[in-house]
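# Survey of secondary and tertiary structure
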Amino acid sequence: MITALYPGSFDPIHYGHVDIAKRAAQLFDKLIWAVYDRPLKNLLFTTEERLKFMRQAAQDTPNIEVVPYHGLTVEYARLRGAKVMVRGLRVTYDFEIEYQTALTNRQLAEEIDTVCLMTTLKYAFVSSSTVKEVAFAGGSIHEMVPPYVETALKQRLAQLGDDRGDKIKQVSLQE
Ligand code: ADP
């Protein structure tokens, strides 16, 4: 039985993440979809909120377990008996980061391998930051995130009011 771990911030999940989680669940006997539990500082959603979105996305996939974790990711993988770490690749820039992370993790735990799945083309441009930036600027995120994430994101942005700029990186979508 092969257990794989798919770790990340998932603040919030989008369809690119869901696609990788579901494809990985078909490749491995069990997928632990794990959200890094860290202080809210630069995050828009609490760990509980992020877990709730992930559980909703995984509800029809019984071999996905959604959990929070903290500390070194390889240590958590070891603890859970996961021999594989799953990551998603969108663009070549992701590769540089994932390559470095995979080699570091291998140094720390040589029994654990990283498996990278290529994004599905239609999600290649989607990231949590893009989703937040588009929503912040009033654009439609309908094709990027599940409806419950879209609703929660709009509510959170409304709640934050003028403070929301600090939580959202504005890169290039508006002046
Ligand atoms: P994001 O990059 O969207 O802010 P995370 O840092 O939480 O999200 O990413 C967790 C994992 O999901 C990483 O391996 C990342 O490369 C992968 N991932 C993120 N977006 C996509 C996407 N659109 N397609 C495939 N994989 C993705």
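Structure: above.
Presented here is an overview of the structure given in this document. Note on numbering: residues in each chain are counted from 1, in written sequence order. Where totals are concerned, whole chains, interfaces and linings use all residues; where local detail is concerned, this predicted model gives features only for residues with pLDDT of at least 70, and gives and counts side-chain atom pairs only at 80 or more. Where side-chain values are given, they derive from all heavy atoms of the structure, hydrogens and water being excluded.

### Focus: the nonpolar core
To form a nonpolar core, buried Ala, Val, Leu, Ile, Met, Phe, Trp, Tyr and Cys residues must be joined to one another through side-chain atoms within 4.5 Å. Whether a residue is buried, partly exposed or exposed follows from its accessible area with a 1.4 Å probe, protein chains only, as a fraction of its type maximum: under 20%, in between, or over 50%, in that order. The biggest cluster of nonpolar side chains holds 39 residues, and the ones touching the most others in it are Y6, I13, L31, W33, I64, V86 and I141. A run of DSSP states H or I qualifies as a helix once it reaches four residues; a run of E qualifies as a strand once it reaches two. Both are numbered from the N-terminal end. At the level of secondary structure, the elements contributing two or more residues to this core comprise β1 (3-8), α1 (15-27), β2 (30-36), α2 (47-58), β3 (64-69), β4 (84-89), α5 (128-136) and α6 (147-160). Each domain span listed reflects an automatic or database assignment of domains. When residues are assigned to domains, this core turns out to be shared by domain 1 (3-120) and domain 2 (128-166), each giving three or more. Any pair of residues with heavy atoms lying within 4.5 Å of one another is described as a contacting pair. Apart from residues lying up to four places away in sequence, I64 is in contact with A21, K22, A25, L31, W33 and A58. The next biggest cluster of nonpolar side chains, apart from the first, holds 12 residues, and it includes L5, I32, V67 and A82.

### Observations concerning the layout of surface pockets
Its boundaries defined by the atoms lining it, the largest pocket holds a volume of some 1,200 Å³. In terms of residues, the lining of the largest pocket owes the most to one element, helix α4 (residues 92-108), which gives 8 residues. Two domains each put at least three residues into the lining of the largest pocket: domain 1 (3-120) and domain 2 (128-166). Grid points spaced at 1 Å over the protein atoms alone were grouped into cavities, where a 1.4 Å probe fits but cannot get out, and pockets, open sets with protein on both sides within 12 Å along at least five of seven lines, with lining residues defined by an atom within 4 Å of a point. Grid points are joined across faces, edges and corners, and a volume is the space filled by probe spheres set on the points.

### What about the packing of aromatic side chains?
Centres within 6.5 Å make a pair out of two Phe, Tyr or Trp rings, where for Trp the six-membered ring is used; the pair is then stacked when the planes are under 30 degrees apart, edge-to-face when over 60, and tilted otherwise. Counted according to the given criterion, the structure contains 9 aromatic pairs. An angle of 35 degrees between the planes, with centres 6.2 Å apart, marks the rings of Y15 and Y123 as tilted. Placement of Y15 in helix α1 and of Y123 in the loop between β5 (113-118) and α5 is noted, with a sequence separation of 108 residues between them. What makes Y15 partly exposed here is its relative accessible area of 26%. For Y123, a relative accessible area of 13% gives the class buried. The structure contains a cluster of three or more aromatic residues connected by ring pairs, namely Y6, F10 and W33.

### Observations regarding the site of the ligand
Whether a residue is near a molecule or strand depends on its heavy atoms: if one lies within 4 Å, it is near. Neighbouring the ligand are 19 residues; Y6, G88, T119, Y123 and S128 lie closest to it. A distance of 3.0 Å is found between a nitrogen atom of the ligand and a backbone nitrogen or oxygen belonging to V126. Each accessible area is a Shrake-Rupley estimate made with a 1.4 Å probe; only the visible protein chains count as cover when residues are assessed. Calculation on the ligand without its partners gives an accessible area of 530 Å², and the protein chains cover 89% of this total. Throughout, a molecule is located in a cavity or pocket provided that more than half of its atoms lie within 2 Å of its grid points. The site holding the ligand turns out to be the largest pocket. Among the secondary structure elements, those contributing two or more residues to the shell around the ligand are β1, α1, β4 and α4. Taken together, the residues of the shell around the ligand sort by class into 6 nonpolar, 9 polar and 4 charged. Nitrogen and oxygen atoms within 3.5 Å of one another constitute a polar contact, given that in protein one can donate a hydrogen and the other can accept it, and given that sequence-neighbouring residues count only through two side-chain atoms. For this classification, the nonpolar set comprises Ala, Val, Leu, Ile, Met, Phe, Trp, Tyr, Cys and Pro, the charged set comprises Asp, Glu, Lys and Arg, and every other residue, Gly included, is treated as polar.

### Looking at the side chain of H17
Mapping H17 onto the fold places it in helix α1. H17 sits in the buried class, given a relative accessible area of 14%. Setting aside chain neighbours within four positions, we find H17 in contact with Y6, F10, P12, W33 and S128.

All quantities given are derived from atomic positions and should not be read as evidence of function.
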